[in-house]
Amino acid sequence: MSGAGNLHHSAEESERRTLPPIKSASDKYFLESLDEYIQREMERLMCPDEGPDEQRYIIYSSAFDKVIEYATAYKTILTSIKKEYDEFICAIKKSECDAKLAHGKLKAMVAQPTSLMYCQRRAVQLQERIAIIQRDTAELQAELNRLQESRRDKRPSLRQKTSDSKTLRPVGQIPGLTFDESMNPAALAKHLEYLERKRADLQIKRKSQYVSVSVKDDLDNKMRSALDQRDELAVENERLQLRYKKMKFLNDSLMTWEKTGKEVTLLEFITSKLENIFDLKMSDTDFLGISAVVFEEDDPSKVNESELLVDYIERFIDLFEGGEYEAAAFHAAKSPHGVLRNMETMERFKAVTVYQGQGELPPLLLFFQALMISVHAGKQLPGETLSVEGVRCAMQLNYVELVTHWVTQKRLTYSEALGDVICEHGDRKPRMADTCLALAHIVYKACGVLRKAALSMCKRGMTSSTMEFIYQSKGFTAGDCLFVLKGCPSLALLQSLTQEYQGQPAVLSLGFACHALLNSDLEDLALQMVEKTHSSGQGTLEKVILDDTGCSAENWGEIAGCCGQKNKPLLAKEILSILLSQSGAMRLSPGMESSRLMQHVFM
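Keep in mind that this is a model prediction, so the values were computed, not measured.

Let's hear about the overall build of the chain: which residues, and what values?
Counting its regular elements, the chain contains 26 helices and 2 strands. Looking at the chain as a whole, 26% of its 603 residues are labelled buried. For the chain, restricting intrachain contacts to residue pairs at least 6 apart in sequence, the fraction spanning at least 24 positions comes to 57%. For the chain, the exposed area adds up to about 42,300 Å²; of that, 56% sits on carbon and sulfur atoms.

Quick one: what's the story with helix H16 (residues 416-428), residue by residue and with numbers?
For H16, with 13 residues, the first-to-last C-alpha span of 19 Å sits near the 18 Å given by 1.5 Å per residue. For H16, the full list of buried residues reads Leu418, Gly419, Val421, Ile422, Cys423, His425 and Gly426.

Break down helix H14 (residues 384-396) for me, citing the residues and quoting the values.
Here H14 is 13 residues long and its end C-alpha atoms lie 18 Å apart, about the 18 Å a rise of 1.5 Å per residue gives. Restricting attention to buried positions, one finds in H14 the residues Leu386, Ser387, Val388, Glu389, Gly390, Val391, Cys393, Ala394 and Met395. On the buried face of H14, the contacting elements are helix H12 (343-350), helix H13 (363-374), helix H15 (400-408), H16 and helix H17 (433-447). Asn398 sits one or two positions beyond H14 and adopts a positive phi of about 65°.

Lay out unusual backbone geometry with the relevant residues and their values.
The backbone of His337 shows a phi angle near 60°, a positive value even though the residue is not glycine. Of note, His337 is situated in the loop between helix H11 (325-333) and H12. For Lys410, which is not a glycine, the phi torsion comes out positive at approximately 60°.

Got a sec to walk through a nonpolar patch on the surface? Specific residues and values, please.
Taken together, Tyr74, Ile77, Ile81 and Tyr85 make up a surface patch of nonpolar side chains, about 460 Å² in accessible area. Counting through the fold element by element, Ile81 comes out in helix H4 (residues 75-168).

Go over the packing of aromatic side chains, please, and point to the residues and values.
Here the structure, examined in full by the defined rule, presents 8 aromatic pairs. A centroid spacing of 6.1 Å and a plane angle of 55° characterise the contact between Phe316 and Phe349, whose relative ring orientation is tilted. Placement of Phe316 in helix H10 (residues 305-321) and of Phe349 in helix H12 is noted, with a sequence separation of 33 residues between them. The two residues Phe316 and Phe349 agree in class, both being buried. With a centroid separation of 5.1 Å and an interplanar angle of 90°, the aromatic rings of Phe320 and Phe349 are classed as edge-to-face. Of this pair, Phe320 sits in helix H10 while Phe349 sits in helix H12; the two residues are 29 residues apart in sequence, bridging distant segments of the chain. Judged on exposure class, the residue Phe320 and its partner Phe349 are both buried. Aromatic ring contacts, followed pair by pair, group Phe316, Phe320, Tyr325, Phe349, Phe367 and Phe368 into a single cluster. In this structure, Arg348 packs its charged tip against the face of Phe320, placed 5.5 Å from the ring centre.

Lay out the pattern of salt bridges in plain terms, naming residues and giving numbers.
Enumeration over the complete set of coordinates arrives at 15 salt bridges. A salt bridge links Glu416 to Lys452, with the nearest nitrogen and oxygen atoms 2.8 Å apart. Residue Glu416 is found in helix H16, and its partner Lys452 is found in helix H18 (residues 450-459); the two are separated by 36 residues along the sequence. Looking at Lys452, the relative accessible area reads 18%, which means it is buried. The residue Asp480 makes a salt bridge to Arg451 at a minimum N-O spacing of 2.7 Å. With Asp480 in helix H20 (residues 478-487) and Arg451 in helix H18, the pair connects residues that are 29 residues apart, well separated along the chain. If you follow the salt bridges from partner to partner, you end up with Asp65, Lys82 and Asp86 in one network.

Could you give an account of the side chain of Lys452, with specific residues and numbers?
A distance of 2.8 Å separates the side chain of Lys452 from the side chain of Glu416, its partner in a polar contact. Residue contacts for Lys452: discarding those within four places in its chain leaves Glu416, Asp420, Tyr444 and Phe483.

Give me the lowdown on the packing of H17 against H18, citing residues and values where you can.
As a packed pair, H17 and H18 sit with axes 8 Å apart at the nearest point and diverge in direction by 160°. Relative to H18, the element H17 is oriented roughly antiparallel. The two elements H17 and H18 cross, and the hand of that crossing is left-handed. Residues Leu437, His441, Tyr444 and Lys445 of H17 lie in contact with H18, whose contacting residues are Lys452, Ala453, Ser456, Met457 and Lys459. Looking at side-chain class alone, the contact of H17 with H18 contains 4 nonpolar, 2 polar and 3 charged residues.

Which residues make up the nonpolar core, and what are the values?
By size, the foremost hydrophobic cluster in this structure holds 93 residues, and its most contacted members are Phe349, Ile422 and Ile575. Here this core takes 8 residues from H13, the largest share from any one element. Contact partners of Phe349, with chain neighbours within four places excluded, come to Phe316, Phe320, Tyr325, Ala328, Ala329, Pro363, Leu364 and Phe367. Phe30, Tyr37, Met42 and Ile59 belong to the second largest nonpolar core, which has 8 residues in total.

Please set out the packing of H14 against H15 residue by residue, giving values where relevant.
Two elements in contact, H14 and H15, have axes whose closest approach is 8 Å; the angle formed by their N-to-C orientations is 150°. In terms of axis orientation, H14 runs roughly antiparallel to H15. Across the interface between the two elements, Gly390, Val391, Ala394 and Met395 of H14 pack against Val400, Val403 and Trp406 of H15. Of the residues that constitute the contact of H14 with H15, the class distribution is 6 nonpolar, 1 polar and no charged.

Tell me what's going on with the environment of Cys488, and back it up with residues and numbers.
Inspection of the secondary structure puts Cys488 in the loop between H20 and helix H21 (491-497). With a relative accessible area of 16%, Cys488 lands in the buried category. Placed 32 residues apart in sequence, Cys488 and Ser456 show a C-alpha to C-alpha distance of 9.0 Å. If we ignore the near neighbours within four places in the chain, the residues touching Cys488 are Leu455, Cys458, Lys459 and Leu493.

About the cut-offs
- Residues numbered from 1 in each chain as written.
- Predicted model: local features only at pLDDT ≥ 70, side-chain atom pairs only at ≥ 80, totals over all residues.
- Heavy atoms only, no water.
- Helix = DSSP H or I, 4+ residues; strand = E, 2+ residues; numbered from the N terminus.
- Buried < 20%, exposed > 50% of the residue type's maximum accessible area, 1.4 Å probe, protein only.
- Contact = heavy atoms within 4.5 Å.
- Areas by Shrake-Rupley, 256 points an atom, 1.4 Å probe, with all protein chains shown as cover.
- Expected span 1.5 Å × (residues − 1).
- Patch = residues over 30% accessible without salt bridge, like charges linked within 9 Å, V, L, I, M, F, W, Y side chains within 5 Å.
- Salt bridge = Lys/Arg side-chain N within 4 Å of Asp/Glu carboxyl O.
- Phe/Tyr/Trp six-rings, centres within 6.5 Å; stacked < 30°, edge-to-face > 60°.
- Lys NZ or Arg CZ within 6 Å of the ring centre and 35° of its normal.
- Polar contact = N/O pair within 3.5 Å; in protein donor to acceptor, adjacent residues only side chain to side chain.
- Axes fitted to C-alpha atoms, helices over the stretch in contact; angles between N-to-C directions.
- Parallel < 35°, antiparallel > 145°, perpendicular 65-115°, else oblique.
- Left-handed = near helix turned anticlockwise from the far one by under 90°.
- Nonpolar A, V, L, I, M, F, W, Y, C, P; charged D, E, K, R; others polar.
- Core = buried A, V, L, I, M, F, W, Y, C linked by side-chain atoms within 4.5 Å.

Okay, here's the thing in structure tokens:
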């Protein structure tokens, strides 16, 4: 029986899969490809063999469309048949959806009395709980009133005790005053004025520079919510960008199909292309390409942009003319496209000389402070001129700590002029010189002004660090070294520049450096260096002069003449004797004050 059943089953299967006899080869090929298409799609979508299934219906509907396209003679009747079937199936689906909706409404109507009963029961319970709370509150209020009355009755005795203790307690020394000044009414009155001024300053600082901790908590919460929203928008943006890429791919495919002359049917072409759409992914270059083709009228950020800018500027003018300079400053600093972060806005704040609360920050400094707070490190920085003006304003008002924050946090556009302004303030305020020089070094180094960066280090007494910086910096010329030496003349620096440094040759020769100092009214420093070299050992000066390729014999003669003028005849005589001993040098007629040398032309 089992073998017979298997044979019967295989026969049925063979009969089901075998196509009817067809004479035309093209029809036979079409039916075979159609049957393969149906089986392949059903296996790919894992459709069940029996029972109603939406995917299987779509597959057979698509196969029916292929038959209609192929059978041109029966296309009209087959199209009508398929239309009737589709309308009937749609009507069945709609009736099924309406039945489910009606069933849900009926179920809700049946459950409505039960829900009403539960709500009424819950309302009664809450009313009872409210009555209990009100009763407990009345009892607590009565107890509180009783305690306040008893405390009020005991207060006179406490006052008497405190007055007695004050009369018995001796007066101690007031902080900040000596014992004699504590007994002097004039000194006490003066100290009282000082304390009142200090209290007023503290109150002003509390209003202008400090806020409560709750404000920081609110800002932290807003920042977290903004970051969460940004992440959500980023995810949504990526999803929409991927969708855009798929639609663009499909559009390009359709255009390609039209250009190829429509050799295949649209359905077959789209089906082959849909297989590649699911493999698409987004990359960084796709985002750039998509943003480049977005039309202005489709970009929400471009809608009424000019009107928004006009409203933004009018709001700034209202705040400024209303005397709300701090709000106007932050409004200008956060302006879109930087329309108010310019010199014109700065001049408007600079023109304000009379404002409420003279103890508070000036409007110009408020503008620069808001400007630096609103920018990110290294991004959308204010221009060079605006940066220089902001630092100059803060320096004039002695807010060096603000400049320190701006420079170290990279909130400024570095330039040579900016470093010069910082250095000038350090020259005027010796107490702040070291801080200003450190800030100027950061600025000069960032904008590539190496000679001034080295000079700022040298002025701080960092000679060793200066030499390390000079040797590490490429393109540091002899002229740059002379600029540093003339800007900060010192014997230690001159000696370091004219000697080897960690096995590397000296950046300047002794004769070249000393001769340049003679022409810069720094003769004493040059002669000190020559004298120190002469006294360092016998033959040292001679070796230095003979090995000096950067200074000619004539220039050494001028150095010897200067030694004679500065009452150093022995040193001058030593230099001249060394020069005369060289081959090709000759002694000219001596003048009144010095000797002159000239190199002879070598054969």
